[in-house]
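Tertiary structure, described
The chain contents come next:
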Amino acid sequence: QITSGAQHLAHWNAISFANDQYAQVVLATTVDSVVYAGPAVRVHASAVTGYDCVANGTDVIIRKNVSGTSSNLSTTTFTTIVGDLIRLEVSGTSLTCKVNGTTRVGPFTDTDIASGSAGIGGYNTLNAAVDDWEGGDLGGVARGRIWQW
């Protein structure tokens, strides 16, 4: 659970990730127009910088976060529910977000963030939760798993 009122990113720091990576989560609580949550990739340790794919109940959004400032890169109208698996993949400069294995947003190209770690992201996430987090190198095996976050 993350506190409310701001953009948040958290990353797995036990290992180093390749630049081509993925992260995925299961939505554990309802999200809505003011509560966003989802997986993140290329998250930096020292700043709120990275990409995330968040759900807000009616949309799935790939966002870029640079030093705490978020901008929507691509949005698709799609209703998410508790139990949905959201996965964000980055390969080179291409970002793709899937819900339950189906591409919902992307591929979208952005060149601003080249490296970092897999993690989670959200905005104003008071009482929002994700479960079954997993992150790894794209095309490889999972490198980190947490079953409750």
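Just so we're clear, the structure is a prediction, and the values are computed from it rather than from any experiment.

The subject of this paragraph is the overall build of the protein. Each helix and strand counted, the protein has 0 helices and 12 strands in total. Counting helices and strands in the order they occur from the N terminus, the protein gives β-β-β-β-β-β-β-β-β-β-β-β. By residue count, 47% of the 149 residues in the protein fall in the buried class. Summarising the internal contacts of the protein: among those between residues at least 6 apart in sequence, 61% fall at separations of at least 24. Surface summary for the protein: the accessible area is close to 6,500 Å², and the carbon and sulfur share equals 48%.

Burial within strand 5 (residues 59–66) is extensive, with 7 of its 8 residues counted as buried. As paired elements, strand 4 (residues 50–55) and strand 5 share 6 bridges and run antiparallel to each other. What sits directly across from Cys53, in strand 5, is Ile62. Hairpin connection between strand 4 and strand 5: a loop of 3 residues separates the two successive antiparallel strands, and Gly57 in this loop has a positive phi of roughly 95 degrees. In the sheet, strand 5 pairs with strand 6 (residues 69–77) via 8 bridges, with the strands oriented antiparallel. Opposite Asn65, over in strand 6, you have Ser70 as the bridge partner. Between strand 5 and strand 6, which pair antiparallel and follow one another directly, the connecting turn spans 2 residues, one of which, Ser67, has a positive phi of 50 degrees.

Parameters at a glance
- Residues numbered from 1 in each chain as written.
- Predicted model: local features only at pLDDT ≥ 70, side-chain atom pairs only at ≥ 80, totals over all residues.
- Heavy atoms only, no water.
- Helix = DSSP H or I, 4+ residues; strand = E, 2+ residues; numbered from the N terminus.
- Buried < 20%, exposed > 50% of the residue type's maximum accessible area, 1.4 Å probe, protein only.
- Contact = heavy atoms within 4.5 Å.
- Areas by Shrake-Rupley, 256 points an atom, 1.4 Å probe, with all protein chains shown as cover.
- Pairing = 2+ DSSP bridges.

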